[in-house]
Amino acid sequence: MYKIAIDAMGGDNAPQAIVKGVELARDVMPDVEFLLFGQTDKVKPFVTNDDRITLVQADDVIAMADEPVKSVRTKKQSSLVLAANAVKDGTADALFSAGNTGALLASGIFLVGRIKGIDRPALMTVLPAFEGQNEAFVMMDVGANAENRASHLYQYGVLGSFYAKEILGYDNPRVGLLNNGSEEDKGDAAHKDAHQLLKHGGEEGFINFIGNVESREILQGPADVVVADGFSGNAVLKSIEGTAQELMHLIKQTILNSGALAKIGGALLKPALKGMQGKLDYSKYGGAVVLGVKAPVVKTHGAAGPEAVLNTMKQIHSMLEADLMGKVQAFVADHREDLAARVEESSQVD
């Protein structure tokens, strides 16, 4: 029986949406128990069926605006910190939150613990691919680290490949480096060096490196794993989110403001437009994963509703069933010398 520790107070719609999503997940996951950490007087009223749901009192809450590392250190009785400690001490197998992203990252790294040999855990998300051979791709880092060395980007290629293979089911995931051009000599020094490290990893058979990819083409699916520094990755992710939202809004407003015939046409197109909206909704793949730590640590969007919570629970369940973190740790242990050599190469260049 797997156990997932849940920050029931994290997120814009907590605890109601969190509890509802957990109950939906409980009904389709008979081998999972859910530990809900939060202020029980606020959480309990939303629980309609407590089968395999345990409420754990947490006196404090880490708010979205709280300084991440400081809040994790000082708010030791918060729902997030208590949930993270449950994973740390083995009471739970995975950690979930829809709350403060930075605090979840800090909890994952400092409490759950970094995998030995991984220098900089990162946030990974799954995005839709509209063309190409697969329907989705992995992208990391999408905001955990504002600055990265070349060796970090190399490790992201390895970590992302594990997720794409074990969770998405891709046999030989193609790894691309997000850059400002496809040529090998494009980008700043860190990206040029990262290209060479990733290329070396491809030659050694650790990853299937295909070269640089540009932001304008990543939704076409040229790679199954897109490696990015945290600043660029976060900027690209938010650009995609904003463009998708504005595109759907623009289509709706154009139809509403273009007369009766346009409205009739819009009504006829409604099913197709809903399909388009569904294709743009990457929450169906789950939340953002902190890769590089010892257990699944997953963050869903702060405004997540019950369905998004359900999808993230399914994602966590898949990670636990696949023993993703165990396989990553085994690989890192077996190839620690190579990973250390890449770090040394990167530090010498820096």
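Residues numbered from 1 in each chain as written. Predicted model: local features only at pLDDT ≥ 70, side-chain atom pairs only at ≥ 80, totals over all residues. Heavy atoms only, no water.

Within the structure shown, the criterion is met by two aromatic pairs. Each ring, one from Phe-162 and one from Phe-331, has its centre 5.3 Å from the other, and the planes form 70 degrees; the classification is edge-to-face. Of the two residues, Phe-162 is situated in helix 6 (residues 150–166) and Phe-331 in helix 11 (residues 324–334); the sequence distance between them amounts to 169 residues. Residue Phe-162 shares its accessibility class with Phe-331, and that shared class is buried. An angle of 90 degrees between the planes, with centres 5.8 Å apart, marks the rings of Phe-206 and Phe-331 as edge-to-face. In this pair, Phe-206 sits in the loop between helix 7 (189–203) and strand 8 (208–213) while Phe-331 sits in helix 11, placing the two residues 125 residues apart along the sequence. On the basis of relative accessible area, Phe-331 is assigned to the buried category, the value being 15%. Aromatic ring contacts, followed pair by pair, group Phe-162, Phe-206 and Phe-331 into a single cluster. (Phe/Tyr/Trp six-rings, centres within 6.5 Å; stacked < 30°, edge-to-face > 60°. Helix = DSSP H or I, 4+ residues; strand = E, 2+ residues; numbered from the N terminus. Buried < 20%, exposed > 50% of the residue type's maximum accessible area, 1.4 Å probe, protein only.)

As a further point, take the pattern of salt bridges. Here the structure, examined in full by the defined rule, presents eight salt bridges. Lys-3 is paired through a salt bridge with Glu-33; the nearest N and O atoms lie 3.9 Å apart. Within this pair, whereas Lys-3 is found in strand 1 (residues 2–7), its partner Glu-33 is found in strand 2 (residues 32–38), the two being separated by 30 residues in sequence. Overall, the relative accessible area of 29% leaves Lys-3 in the partly exposed class. The exposure class of Glu-33 is partly exposed, given its relative accessible area of 25%. (Salt bridge = Lys/Arg side-chain N within 4 Å of Asp/Glu carboxyl O.)

Attention shifts here to the environment of Thr-125. Position of Thr-125 among the secondary structure elements: in strand 5 (residues 122–128). Using a relative accessible area of 4% as the deciding quantity, one classes Thr-125 as buried.

Once that is clear, we can look at the sheet that holds strand 6 (residues 136–140). As summarised here, the arrangement of the 11 strands in space is 3-2-1-4-11-10-5-6-9-7-8, forming an open sheet in which the pairing is mixed. At either end of the open sheet lies a strand with only one pairing partner, and these are strand 3 (53–57) and strand 8. Shown here is a sheet whose adjacent strand axes are inclined to one another by a mean of 25 degrees, direction ignored. Looking at chain direction, strand 1 and strand 4 (residues 94–97) are connected through three bridges and run parallel. By the bridge assignment, Ile-6 is partnered in strand 4 with Phe-96. (Pairing = 2+ DSSP bridges. Axes fitted to C-alpha atoms, helices over the stretch in contact; angles between N-to-C directions.)

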